[in-house]
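Topology and contacts: notes
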Amino acid sequence: MEGTAVQVLEIVPVFEFPGVLEEVIPYGSGHINDTYRVTMCEDGRQVRYILQRMSREVFKNPRELMENVEGVTAWLKKKIVENGGDSRRETLNLVPTRNGQTYHVSADGEYWRAYLFIEGATCYDQVKDDHDFYESAVTFGNFQRLLADYPAQTLHETIVNFHNTVDRFGKFRAAVEADVCGRAAGVAEEIRFVMEREAFAHALVDRLADGELPLRVTHNDTKLNNIMIDDATGRGICVIDLDTVMPGLSVYDFGDSIRFGASTGAEDERDLSKVSCDLHLFEVYTKGFIEGCGGALTDAELDMFVTGARMMTFECGMRFLTDYLEGDHYFKIHREGHNLDRCRTQFKLVADMEAKEAEMQAIVNKYR
Ligand code: ADP
Ligand code: GN1
Ligand code: MG
């Protein structure tokens with residue numbers, strides 16, 4: 001079997017999914033893992049699960065990654081139960097393998113895991129109304145609060161220097177210099193955009209280093225499609241995609257949500273005239289996130305919210321461009337130039353946020 005890709009259908013029987021298999025389909029629009037939705041027929045009713053092949057390109061130490069997921073989900077479950085919530089819907093629940101493991105290593109060396117499928121809730125790729133975005137903000141803020149006293153020293157750093165924008169800048173520069181695909185000449189304008197902002201790349205990292213900004217347990221990937229909104233109540237119910245829960249800055253979580261959700265266009269929109277930072281959505285999210293964090297934020301953190309939004313957008317654009325230069329090995333792409341399209345929307349947003357900085361700060365000041 002070594003060297004041959006193991007098919008998803010061979011993996012289904014490994015996990016504790018009672019009943020008879022009805023269907024397995026690729027699912028969701030994440031850029032990292034291979035996600036499938038499994039439907040079983042159990043006692044005449046359909047029961048669904050999420051089955052994922054974790055990206056080996058991205059997660060170099062899947063065992064440690066799974067230790068984090070186990071630890072964080074168990075912690076959240078305990079808190080949810082204490083608060084009288086429904087722990088089968090308000091946090092991810094790992095489904096074990098038939099021999100009691102939380103993940104499976106297939107013959108081709110891939111790592112697999114399964115979760116209960118959260119029913120009656122939706123992951124949105126774009127904001128459809130203010131209310132959903134507000135709910136996502138409260139839920140992400142609340143998530144940070146629930147993890148405030150998590151034993152951070154037990155968390156593995158699943159991706160080292162994940163939001164170290166200075167380190168990202170260095171890797172970007174190396175990718176430009178190596179130019180392994182010969183693509184650099186075609187993106188001179190985008191490269192210049194990054195180079196002009198070398199000093200900016202330090203704005204958060206330096207404040208973390210000098211102790212001005214506190215290190216917290218954060219999600220680090222707070223885009224709108226990493227949260228589930230209840231179809232019946234419209235409430236944010238569950239934060240998903242826990243692969244990057246690590247010590248980080250509160251403004252990373254705030255900023256990444258703005259980057260994705262407050263944009264008037266999709267992350268990969270090719271018509272850049274459709275892409276800008278919507279100040280109304282920025283306000284909606286700011287209000288919700290501050291409420292969700294429940295007074296835990298310091299003045300220094302609130303001072304950095306606007307920078308956080310710009311930084312996460314800049315960093316993500318730089319990451320997409322790095323991946324484009326290196327031949328698209330990190331983010332999944334679905335068309336030629338996809339990572340370049342994504343990079344361009346991010347840089348359009350960064351420029352827009354630079355122009356709107358004073359207005360954005362005034363909004364943060366209104367809710368602090
Ligand atoms: P990636 O790291 O590739 O983004 P995610 O863990 O975010 O992977 O999963 C991809 C998508 O699968 C999500 O955006 C969501 O639509 C769906 N998904 C993941 N977990 C669940 C779940 N437990 N219940 C329902 N849908 C889920
Ligand atoms: C990836 O896994 P997913 O699709 O939710 C990436 C994020 C980026 C995002 C850009 C582990 O998120 O850091 O911000 O794409 N996740 C990882 O859309 O690198
Ligand atoms: Mg995701």
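Residues numbered from 1 in each chain as written. Chains lettered and ligands numbered in written order. Predicted model: local features only at pLDDT ≥ 70, side-chain atom pairs only at ≥ 80, totals over all residues. Heavy atoms only, no water.

1. Quick word on the overall build of the protein
Secondary structure assignment for the protein yields 12 helices and 11 strands. In terms of C-alpha radius of gyration, the protein reaches 20 Å, essentially the compact-globule figure of 21 Å for 368 residues. Its C-alpha atoms give the protein principal-axis dimensions of about 60 × 50 × 40 Å. By the burial criterion, 54% of the 368 residues in the protein qualify as buried. Considering only intrachain contacts with a sequence separation of at least 6, the fraction spanning at least 24 residues in the protein is 74%. Accessible surface, the protein as shown: approximately 15,700 Å² in total, 50% of it carbon and sulfur. Distance between charge centres in the protein, computed from 40 positive and 62 negative side chains, equals 1 Å. (Helix = DSSP H or I, 4+ residues; strand = E, 2+ residues; numbered from the N terminus. Rg over C-alpha atoms; globule rule 2.2 N^0.38 Å. Buried < 20%, exposed > 50% of the residue type's maximum accessible area, 1.4 Å probe, protein only. Contact = heavy atoms within 4.5 Å. Areas by Shrake-Rupley, 256 points an atom, 1.4 Å probe, with all protein chains shown as cover. Lys, Arg positive; Asp, Glu negative; His and termini not counted. Charge placed at Lys NZ, Arg CZ, Asp CG, Glu CD.)

2. What about the packing of helix H5 (residues 188-195) against helix H10 (residues 305-325)?
Packing of H5 against H10 brings their axes to within 11 Å, and their N-to-C directions diverge by 140°. With respect to their mutual orientation, H5 and H10 come out oblique. Remark: the crossing between H5 and H10 carries left-handed chirality. On H10, the residues that touch Glu190, Ile191 and Val194 of H5 are Phe314, Met318 and Leu321. (Axes fitted to C-alpha atoms, helices over the stretch in contact; angles between N-to-C directions. Parallel < 35°, antiparallel > 145°, perpendicular 65-115°, else oblique. Left-handed = near helix turned anticlockwise from the far one by under 90°.)

3. Examining the site of ligand 2
Taken together, 18 residues lie near ligand 2, and His31, Lys223, Glu267, Arg319 and Tyr330 sit nearest. Between ligand 2 and Asp241, the relevant distance is 2.9 Å, taken from an oxygen atom to a side-chain nitrogen or oxygen of the residue. In this structure, an oxygen atom belonging to ligand 2 sits 2.8 Å away from a side-chain N or O atom of Arg319. Protein contacts shield 97% of the accessible area of ligand 2, which totals 440 Å² for the unbound molecule. For the shell around ligand 2, the element with the most residues is H10, which contributes three residues. In terms of residue class, the shell around ligand 2 is built from eight nonpolar, four polar and six charged. When residues of the shell around ligand 2 are assigned to domains, at least three fall in each of domain 1 (4-119) and domain 2 (130-367). (Near = heavy atom within 4 Å. Polar contact = N/O pair within 3.5 Å; in protein donor to acceptor, adjacent residues only side chain to side chain. Nonpolar A, V, L, I, M, F, W, Y, C, P; charged D, E, K, R; others polar. Domains from an automatic or database assignment.)

4. Here we look at the domain arrangement of the protein
When its domains are assigned, the protein resolves into domain 1 (4-119) and domain 2 (130-367). Between domain 1 and domain 2, roughly 2,600 Å² of surface is buried when both sides are summed, and carbon and sulfur atoms account for 60% of that area. If you sort the residues of domain 1 by the area they bury against domain 2, His31, Asn68 and Trp75 come out on top, with a joint share of 26%. Between the two partners, domain 1 and domain 2, sit four salt bridges. In this structure, Asp34 engages Lys332 in a salt bridge whose closest nitrogen and oxygen atoms are separated by 2.3 Å. It is helix H2 (residues 62-82) that provides the largest number of residues to the side of domain 1 that touches domain 2, a total of 11 residues. Its residues placed into classes, the side of domain 1 that touches domain 2 shows 10 nonpolar, nine polar and eight charged. (Buried area = accessible area lost by both parts, 1.4 Å probe. Salt bridge = Lys/Arg side-chain N within 4 Å of Asp/Glu carboxyl O.)

5. Considering the site of ligand 1
Close to ligand 1 lie 19 residues; Asn33, Gln52, Ile118, Asn225 and Asp241 are nearest. Between ligand 1 and Ile118 there is a distance of 2.9 Å, counted from a nitrogen atom to a backbone nitrogen or oxygen. Note that an oxygen atom of ligand 1 is positioned 3.0 Å from one of the side-chain N or O atoms of Asn226. Alone, ligand 1 offers 550 Å² of accessible surface; in the complex the protein occludes 96% of this. A domain-level breakdown of the shell around ligand 1 finds at least three residues from each of domain 1 (4-119) and domain 2 (130-367).

6. A short note on unusual backbone geometry
Glycine aside, the phi torsion of most residues is negative, and most peptide linkages are trans. The phi dihedral of Asp241 falls on the positive side, at around 55°, and the residue is not glycine. Among the structural elements, Asp241 can be located in the loop between strand S10 (236-239) and strand S11 (246-248). A residue is classified by how much of its surface remains accessible, and Asp241, at 25% relative accessible area, is partly exposed. Its identity is not glycine, yet Asp328 carries a phi of approximately 60°, on the positive side. Locating Asp328 in the fold gives a position in the loop between H10 and helix H11 (338-355).

7. Some thoughts on H2
For H2, with 21 residues, the first-to-last C-alpha span of 30 Å sits near the 30 Å given by 1.5 Å per residue. For H2, the full list of buried residues reads Pro62, Leu65, Met66, Asn68, Val69, Val72, Thr73, Leu76, Lys79 and Ile80. Buried residues along H2 cover an arc of 160° about the axis, so they all sit on one side. Away from the buried face of H2 by more than 90 degrees, exposed residues Lys78, Val81 and Glu82 are located. On the buried face of H2, the contacting elements are strand S4 (94-95), strand S6 (111-116) and helix H3 (130-146). The first or second residue beyond H2 is Gly84, which carries a positive phi of 80°. (Expected span 1.5 Å × (residues − 1). Arc of directions from axis to C-beta.)

8. Observations concerning helix H7 (residues 250-261)
Compared with the 16 Å implied by 1.5 Å per residue over 12 residues, the 17 Å span of H7 between its first and last C-alpha is a close match. Counting buried positions over the 12 residues of H7 gives 12, a clear majority of the element. Taken together, the buried positions of H7 are occupied by Ser250, Val251, Tyr252, Asp253, Phe254, Gly255, Asp256, Ser257, Ile258, Arg259, Phe260 and Gly261.

9. Regarding the packing of H3 against H7
With their axes 11 Å apart at the nearest point, H3 and H7 run at an angle of 160° to one another. Classified by the interaxial angle, the pair formed by H3 and H7 is roughly antiparallel. In this structure, the crossing between H3 and H7 has a hand that is right-handed. Across the interface between the two elements, Phe133, Phe140 and Gln144 from H3 touch Ser250, Asp253, Ser257 and Gly261 from H7. Each residue belonging to the contact of H3 with H7 can be placed in one class, and the counts come to two nonpolar, four polar and one charged.

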